Amino acid sequence: MVGTGGPVATFSVWDYVVFAGTILGAAGIGLFQAIRGRKDTSSAEFLLGGRQMTAVPVAMSLTASFMSGITVIGTPTEAYRFGAAFWLFGFSYAIMSVVSAEVFVPLFYRLGITSAYEYLEMRFSRPIRIIGTSMYIIQTALYTGLVIYAPALALNQITGLDLWGVLVSTGAVCIIYCTLGGLKAVIWTDVIQMVIMLVGFVAVIARGAVLQGGLTKIWEDAGRGGRLEAFDFDPDPLKRHTFWTIVVGGSVMWVSIYSINQSQVQRYISCKTLGHAKMSLYVNMVGLWVTVSLAMFSGLTMFSIYKNCDPLTNGDIGTYDQMLPYLVMDILADYPGIPGLFVAAAYSGTLSTVSSSINALVAVTVEDFILPQCKNLTERQVIWLNMGLSVFFGALCIGMAGVASVLGNVLQAALSIFGMISGPLLGLYLLGMLFRTSNSIGGLVGMIVGLVLTLWVGVGGLIFPPTDEKTNPLQVSTVGCNSTMGQNYTTAAPWTSAVTLTSQSDVRPPLADSWYSLSYLHFALLGTLTTMVSGLLVSAITGGCKQEHINPDLFVKMSDLVCFSCCGESEETDVTEKAATDFHLKAGNSTFKDVDSWLLYSEH
């Protein structure tokens, strides 16, 4: 009987057919785009889709790139274990979208850049650009390894698919359509994968509602189980999720992800007009709301079904990150192909993130490391270089999946990685964009100070996880289980989501329950503020106030802070062409001509 524990069914032939068809279809899109775009094989076409993308596909790609397999696996589990507080990220997504669209997009668009880190050289110095790019590469490789590993571990547990076979095949598919199709293939593949992810969530919710007697019953069960108490206004920064940690800390974290992360910047500067670029972020905001809502309601559905028999406590699974795959096989196994669709949904999320990471890593490596040193490369040589680097970074990300196995709760670990590294980077960008007195010495010192602090608290929190008093997991029960199955699962990696170090409380240092217990959502805020404050102080000491001849285009302008509907198209064209001339950008960075229509239509 569903929801009472015990082993679940495994994949049927139809499940394998649906799963394999989805993966091969994704690779097919990359091949199609490669064949379709053979007439234009420039570096700009490969890395930026020829700067002719429209808002809606780019918006769905923006959503899909960070709504990865981690979201499919981790967010429903978050709702099951900790309740609906994660829903408050809707506020963070709105703040992030406005800041990104009205502050960062006009600046990057005006400068006509390919790599987001070109700005750091324009504003500060080349060494700072190299450091920023290196931080991004390390962060993205770690995150992508986690993205590949987490769903593979969970789905290997439930489906019996070989773990490393799945890891390698996932990376191989991404390498194929990144190498052959470039950014345009990545974006259109993301659109399809986004739809598949949402369909997977809807299937879980619909079947759960049938089993439980309707959506109202699921909501009532969640309320009785304490899962709907989302608004906690406690100002304590050590508590994992409160209104303030999510809305303040979470907003800064998501701004650091969307505003300066190459994977995202590369997407919205691929749009044909500034209006499309801004619109893509606002449509993406709606996409994030829909995705997180479906994921959270899937988690509440999971709680309604397992409220009296927690699969982890009952020994049916090895870690909470296997909850949703276990649920799918428990409630949907009677419908051939549907579990396969869910597995495809989780892997679609993984594929979209891995492919966007590979494409972005190639872009920053070529623009920031190779072209400045090898100025005489032909366009064909650059294209082959792009393809070769796609293969290299794909293999690197597969290798990093092993490192990811010790990083803890998949959702929290992923966001912690961004907070620790993107926070100081965001502080550096804001230092350059908002303060004319900041100089390269101040920027460098500020970024180092911010990075040291965030790594200190982040790594400390990984080694000495916060106690349940700060994380506040909600109660689960096994009173309705048929029997305790014991160790009815393959031993999982030592995820900190499944264990804590409270049994070793005697060896916890004094900082473990204070500094190391800082909410992971405040990592980015800590890094941003310390970078800006220390950077301004050092700049003032080292003559930042005496700087002259700084290009005004490198700063945020009041004219940028208007809604996209008020932007004049001809004005943007003039600014873009001027920027391209001023900065002598390479052929791969060439700006584009605006198209007269502002309508959101797809390319023909």
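Regarding the overall build of the protein chain
- Counting secondary structure elements, the protein chain contains 20 helices and zero strands.
- For the protein chain, the residues scored as buried account for 62% of the 604 residues in total.
- Across the protein chain, the fraction of contacts at a sequence separation of at least 24, relative to all contacts at a separation of at least 6, is 89%.
- Roughly 21,600 Å² of accessible area belongs to the protein chain as shown, and the carbon and sulfur atoms make up 67% of that amount.

With respect to helix α17 (residues 440–463)
- In a regular helix each residue adds 1.5 Å, so 24 residues correspond to 34 Å; α17 covers 34 Å between its end C-alpha atoms and thus fits that length.
- Buried residues of α17: G442, G443, G446, M447, G450, L451, T454, V457, G458, G460 and G461, and no others.
- The backbone nitrogen of I441 has a side-chain oxygen 3.3 Å away, supplied by the residue at the start of α17, namely N439.

Re helix α13 (residues 323–331)
- Among the nine residues of α13, nine are classified as buried, and the element is accordingly described as predominantly covered.
- If you check which residues of α13 are buried, you get M323, L324, P325, Y326, L327, V328, M329, D330 and I331.

Considerations on the pattern of salt bridges
- Applying the stated criterion across every chain yields a total of twelve salt bridges.
- Where R126 meets E121, a salt bridge forms, and the shortest distance between an N and an O atom there is 3.3 Å.
- The exposure class of R126 is partly exposed, given its relative accessible area of 22%.
- Salt-bridge contacts for R129 lead to E121; the nearest nitrogen and oxygen are separated by 2.6 Å.
- By relative accessible area, which is 5% here, R129 ends up buried.
- By relative accessible area, which is 28% here, E121 ends up partly exposed.
- When salt bridges with common partners are traced through the structure, they connect E121, R126, R129 and D368 into a single cluster.

Describing the environment of D15
- For D15, the position within the fold is in helix α1 (residues 13–36).
- Remark: the alpha-carbon pair of D15 and A344, spanning 329 residues in sequence, is separated by 9.4 Å.
- With sequence-adjacent residues up to four places away left out, D15 is seen in contact with P336, G337, I338, P339 and G340.
- At a separation of 3.1 Å, a polar atom in the side chain of D15 contacts the main-chain amide nitrogen of G340.

Quick word on the state of the cysteines
- Tallied over the full model, the rule gives one disulfide.
- One disulfide bridge connects C309 with C481, the sulfur atoms lying 2.0 Å from each other. Taking the sign of the S-S torsion, 110° for the link of C309 and C481, the bridge is right-handed. A residue pair is termed long-range when its members are at least 10 positions apart, and C309 in the loop between α12 (274–306) and α13 and C481 in the loop between α18 (468–471) and α19 (523–541) qualify at 172 residues.
- Accessibility expressed as a relative area gives 15% for C481, which makes it buried.

A closer look at the packing of aromatic side chains
- Tallied over the full model, the rule gives 25 aromatic pairs.
- For the pair F233 and F243, a centre-to-centre distance of 4.9 Å together with 40° between the ring planes defines the contact as tilted. Note that F233 is positioned in the loop between α9 (215–224) and α10 (243–259) and F243 in helix α10, a separation of ten residues in sequence.
- Residue class for F233 comes out partly exposed when judged on its relative accessible area of 47%.
- Here F243 falls in the buried class, since its relative accessible area comes to 14%.
- Through successive ring pairs, a cluster of aromatic residues spans F104, F108, Y117, Y119, Y136 and Y429.
- The cationic tip of R436 hangs over the ring face of F555; the distance from NZ or CZ to the ring centre is 4.2 Å.

Description of the side chain of Q139
- With respect to the helices, strands and loops of the structure, Q139 is situated in helix α7 (residues 126–159).
- The exposure class of Q139 is buried, given its relative accessible area of 2%.
- Sequence-distant contacts of Q139, that is, excluding residues within four places in its chain, are made with N261, I417, F418, I421 and S422.

Side note on the side chain of S416
- Mapped onto the elements, S416 comes out in helix α16 (residues 410–434).
- The buried category is assigned to S416, whose relative accessible area is 9%.

Regarding the confidence of the model for the protein chain
- Put simply, the protein chain has an average pLDDT of 77, and 77% of its residues get 70 or more.
- Predicted confidence in the protein chain is weakest over helix α20 (residues 569–583), with a mean pLDDT of 37, and strongest over α19, with 94.
- This model gives residues 44–50 a pLDDT under 50, and the stretch forms 32 contacts once residues within four places in sequence are excluded.
- The model gives residues 567–604 a pLDDT under 50, and that stretch makes 82 contacts with residues more than four places away or in other chains.

Describing the environment of M135
- Along the polypeptide, M135 turns up in helix α7.
- Take M135: its relative accessible area is 8%, and that puts it in the buried class.
- When the C-alpha atoms of M135 and L451 are compared, they prove to be 9.7 Å apart, with 316 residues separating the residues in sequence.
- Beyond its immediate sequence surroundings of up to four residues, M135 is in contact with I421, L425, M447 and L451.

What to know about a nonpolar patch on the surface
- A cluster of nonpolar residues, F91, F231, F233, W244 and V248, forms a patch on the protein surface that exposes about 510 Å² of accessible area.
- Along the polypeptide, V248 turns up in helix α10.
- Using a relative accessible area of 37% as the deciding quantity, one classes V248 as partly exposed.

Focus: the packing of α17 against α19
- Running from N to C, α17 and α19 cross one another at 150°; their axes reach a closest spacing of 7 Å. Viewed along their axes, α17 and α19 adopt a mutual orientation that is roughly antiparallel. The hand of the α17/α19 crossing is right-handed. On α19, the residues that touch I441, G442, G443, V445, G446, M447, V449, G450, L453, T454, V457 and G458 of α17 are F523, L526, G527, T530, T531, S534, G535, V538 and S539.
- Residues of the contact of α17 with α19, tallied by class, amount to nine nonpolar, twelve polar and no charged.

Some thoughts on the packing of α12 against α13
- Viewed as axis vectors pointing N to C, α12 and α13 meet at an angle of 65°, and their least axial separation amounts to 11 Å. For the element pair α12 and α13, the recorded crossing hand is left-handed. Between α12, through M302, I305 and Y306, and α13, the contact on the second element is made entirely by M323, L324, Y326, L327, D330 and I331.
- Class assignment for the residues of the contact of α12 with α13 results in eight nonpolar, no polar and one charged.

What counts as what
Residues numbered from 1 in each chain as written. Predicted model: local features only at pLDDT ≥ 70, side-chain atom pairs only at ≥ 80, totals over all residues. Heavy atoms only, no water. Helix = DSSP H or I, 4+ residues; strand = E, 2+ residues; numbered from the N terminus. Buried < 20%, exposed > 50% of the residue type's maximum accessible area, 1.4 Å probe, protein only. Contact = heavy atoms within 4.5 Å. Areas by Shrake-Rupley, 256 points an atom, 1.4 Å probe, with all protein chains shown as cover. Expected span 1.5 Å × (residues − 1). Polar contact = N/O pair within 3.5 Å; in protein donor to acceptor, adjacent residues only side chain to side chain. Salt bridge = Lys/Arg side-chain N within 4 Å of Asp/Glu carboxyl O. Disulfide = S-S within 2.5 Å. Phe/Tyr/Trp six-rings, centres within 6.5 Å; stacked < 30°, edge-to-face > 60°. Lys NZ or Arg CZ within 6 Å of the ring centre and 35° of its normal. pLDDT = per-residue confidence, 0-100. Patch = residues over 30% accessible without salt bridge, like charges linked within 9 Å, V, L, I, M, F, W, Y side chains within 5 Å. Axes fitted to C-alpha atoms, helices over the stretch in contact; angles between N-to-C directions. Parallel < 35°, antiparallel > 145°, perpendicular 65-115°, else oblique. Left-handed = near helix turned anticlockwise from the far one by under 90°. Nonpolar A, V, L, I, M, F, W, Y, C, P; charged D, E, K, R; others polar.

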